[in-house]
Amino acid sequence: MIKNKNTAQRLAVIGAGIAAKPILEKAKELNITTYCFSTPQGACAREYADYFFPVNIFDVDGIYNELVKIKPNGIIASSEITTEVTAILADRLGLPGNDIRDGFSARNKYVMRKKVADLSSVFQPDFYLYSEDIKPSFPVVVKAPDSYGKKGISLAHNDEEFVDAVKYAREITQNGDILIEEYIEGGTEYSVECLCDGNEAYIVQITEKETSGPPHFVELGHHQPADISEEERSTICVAAKDILNALGICCGMAHLEIKIKDKKAYFIEVGARAGGDSIGDRLVGLSTDCDYYKAAIEAALGIYEHKEIKTVAHSGIYFLCRQTRQMLPLFKNAGKYDWCRELEMYHDELYDICGNGDDLISGRLIYMSDHKITLNDLNDSVVRINDFENAYEMLFDFNREIGIYKSDDDIEKSVKKFLELGNVLGIIIDNKLIAILNLYCNNYDTLESYVCNVYVLKEHRRKGLAKRLMDEAIMFTKNNGFKRVCLHVANDNFSAIKLYEALGFEYTGNEKVIGDETTVEMIKNVE
């Protein structure tokens, strides 16, 4: 639907996929008229544009002919695949854009490496295009040079793995080439979020990456600002600016990937667009005072005026999959905290993922805080111990410490039963389990949950921890559709009885002998 606007600024946006949405929304906020060009298939952001043109995004002449009529003030790429077309069109129209006098250098990883090869501020692995005549010196990284999102990348240690890696890259590459690189083991990967105004490149933020490592190096999380020394920061900034200059990336957003090893910067790749995985459209806005997309649009229009960019907070994103299963407790509990900005759970199964943005990702979590959020931020919270990767070891050590079981075999049997059939609610401080409660929600005939084995280590008693565990058990029961909570307590355990009465539990009149103790049954309705 065409909307009428009375504004002098007109912005052409190439592509209408999900990455175009923040650009189009920001332009609307700035009262800039947008003209969006994209194939209709997958054009999920078209509704945010003022004018939409259903065209092949690689039809440079067709788009150019339309733009000549529109006379836009600027043009901007929305995603990796539209960056080259956008640069060509900007050059033809005489608009601000990336330099293409020596060809476009920000789509093909082999071309990037060739152009960066002579820089003294950045190191590179040995690299070459695949040929059956060349015998690789293992280990090597095999890449589809025109791919993005870490797709088509594998590490090969031998001939058999090399054959599989070449096959995988060949499935992804569109131009038929396959890039072979020396494997630089170790170090830490960073991305550098940049902004160029036609004259100078500015470093907006440095992001620390968490990756799966070999064989596919999938990105599993991103955190801003990166925890680096001033020396490392300077090394990264100098290398980033030199790389952008060498590649002719001089207008708008840029996303570089660099590895630091032994205080040296190793170039990985670059994109002439915002970082994906919510880096550009979410994390930068949370961690800095920079309105990144506003600045990028102004750069495309040739009206950007730079102001000092400051880091104002820590931000980050985690992706949930089998490779990050240890972070499941964070996902399960993040909704309780004000540092949680976005939390999405797509499905319960955890799968290995092979590329950024993989459909098999089970969830995503975005945070903003005064520090990097980790599992340590669950300290002193009531959490479901079953969700922890080392749940068995935690419970085994806890039960051995409290000494209520006669042997390690008894502990093993009990722990396995708790984890298989129940929900172990616990409190952890400094990576140590200090209090637990076992909750069974498996009686679907009576819809009655059952609490047992409430125990707090002696040095942590009289701090209200048992009450916190019981409060969580009651809420857990209700949230899972059960109607009552039932428990048995020794008839001479007056402190526990007092707690349960205060929580609204009532006697049923039933008694039960457990071991050498006579217990009374208490129950609470939670409907």
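See the structure printed just above.
A brief structural summary. (Residues numbered from 1 in each chain as written. Predicted model: local features only at pLDDT ≥ 70, side-chain atom pairs only at ≥ 80, totals over all residues. Heavy atoms only, no water.)

**Examining the overall build of the protein chain**
Here is step 1: Counting its regular elements, the protein chain contains 13 helices and 23 strands.
Here is step 2: For the protein chain, buried positions account for 51% of its 527 residues.
Here is step 3: Here the analysis covers contacts within the protein chain between residues at least 6 apart in sequence; of these, 63% occur between residues at least 24 apart. (Helix = DSSP H or I, 4+ residues; strand = E, 2+ residues; numbered from the N terminus. Buried < 20%, exposed > 50% of the residue type's maximum accessible area, 1.4 Å probe, protein only. Contact = heavy atoms within 4.5 Å.)

**Let's talk about the sheet that holds strand β5 (residues 127-129)**
Here is step 1: The four strands are arranged β5-β8-β6-β7 in an open sheet whose pairing can be described as antiparallel. Two strands close off the open sheet at either side, each with one partner strand: β5 and β7 (154-156). Neighbour-to-neighbour, the strand axes of this sheet turn through a mean angle of 25 degrees, independent of strand direction.
Here is step 2: Pairing of β5 with strand β8 (residues 179-182), which is carried by three bridges, proceeds in the antiparallel orientation. Looking at β8, one finds that L129 is bridged to L179. (Pairing = 2+ DSSP bridges. Axes fitted to C-alpha atoms, helices over the stretch in contact; angles between N-to-C directions.)

**Comments concerning empty space enclosed by the protein**
Here is step 1: With the rule as written, the count across this model stands at two cavities of 30 Å³ or more.
Here is step 2: One number sums up the size of the largest cavity: a volume of about 230 Å³.
Here is step 3: Along its surface, the largest cavity is lined by 17 residues, and K143, E181, E189, K259 and I268 are the ones closest to its centre.
Here is step 4: Sorting the residues of the lining of the largest cavity by element identifies β6 (140-143), β8 and β13 (264-271) as the ones contributing at least two each.
Here is step 5: The dominant element in the lining of the largest cavity, judged by the number of residues it contributes, is β13, at four residues.
Here is step 6: Classifying every residue of the lining of the largest cavity gives nine nonpolar, no polar and eight charged.
Here is step 7: In this structure, the second largest cavity spans a volume of roughly 30 Å³. (1 Å grid on protein atoms, 1.4 Å probe; cavity = no way out; pocket = protein on both sides within 12 Å on 5 of 7 lines; lining within 4 Å. Points joined across faces, edges and corners; volume = space filled by probe spheres on them. Nonpolar A, V, L, I, M, F, W, Y, C, P; charged D, E, K, R; others polar.)

**Considerations on the nonpolar core**
Here is step 1: Among the nonpolar cores identified, the biggest contains 62 residues, and W339, I385 and F505 are the most heavily contacted of them.
Here is step 2: At seven residues, strand β19 (residues 432-440) tops the list of elements feeding residues into this core.
Here is step 3: With near-sequence residues (within four places) excluded, I385 lies in contact with A391, M394, L395, V424, L425, G426, I428 and L433. (Core = buried A, V, L, I, M, F, W, Y, C linked by side-chain atoms within 4.5 Å.)

**Here's the deal with the pattern of salt bridges**
Any two side chains of opposite charge can pair if their charged atoms end up close together.
Here is step 1: Counted according to the given criterion, the structure contains 29 salt bridges.
Here is step 2: A salt bridge links E66 to K69; its shortest N-O distance comes to 4.0 Å. Taken together, the residues E66 and K69, both in helix α2 (residues 60-70) and three residues apart, mark about one turn of the helix.
Here is step 3: On the basis of relative accessible area, E66 is assigned to the partly exposed category, the value being 26%.
Here is step 4: A relative accessible area of 63% places K69 in the exposed class.
Here is step 5: A salt bridge links K416 to E412; its shortest N-O distance comes to 3.0 Å. Taken together, the positions of K416 and E412, both in helix α11 (residues 408-421) and four residues apart, correspond to about one turn of that helix. (Salt bridge = Lys/Arg side-chain N within 4 Å of Asp/Glu carboxyl O.)

**A look at the sheet that holds β13**
Here is step 1: Judged by pairing direction, the sheet is antiparallel, and its eight strands sit side by side in the order β13-β12-β9-β10-β11-β14-β16-β15 without closing on themselves. Looking at which strands have only one partner, the edges of the open sheet turn out to be β13 and β15 (340-345). Going from strand to strand, the sheet's axes swing by 25 degrees on average, the running direction of each strand aside.

**Looking at the layout of surface pockets**
Here is step 1: Within this model, the second largest pocket holds a volume of roughly 1400 Å³.
Here is step 2: When residues of the lining of the second largest pocket are traced back to their parent elements, those giving at least two are α11, β20 (448-456), α12 (465-479), β21 (484-490), α13 (494-502), β22 (506-514) and β23 (517-525).
Here is step 3: The element that contributes the greatest number of residues to the lining of the second largest pocket is β20, accounting for seven residues.

**Comments concerning the packing of helix α1 (residues 21-29) against helix α8 (residues 292-301)**
Here is step 1: Look at α1 against α8: their axes get within 9 Å of each other, and the N-to-C directions meet at 80 degrees. The angle between α1 and α8 falls in the class roughly perpendicular. Between α1, through P22, I23, K26 and A27, and α8, the contact on the second element is made entirely by Y293, K294 and I297. (Parallel < 35°, antiparallel > 145°, perpendicular 65-115°, else oblique.)

**Thoughts on helix α3 (residues 83-93)**
Here is step 1: Within α3, the full set of buried residues consists of T83, V85, T86, A87, L89 and A90.
Here is step 2: Here the buried face of α3 lies against β1 (10-14), α2 and β4 (74-77).

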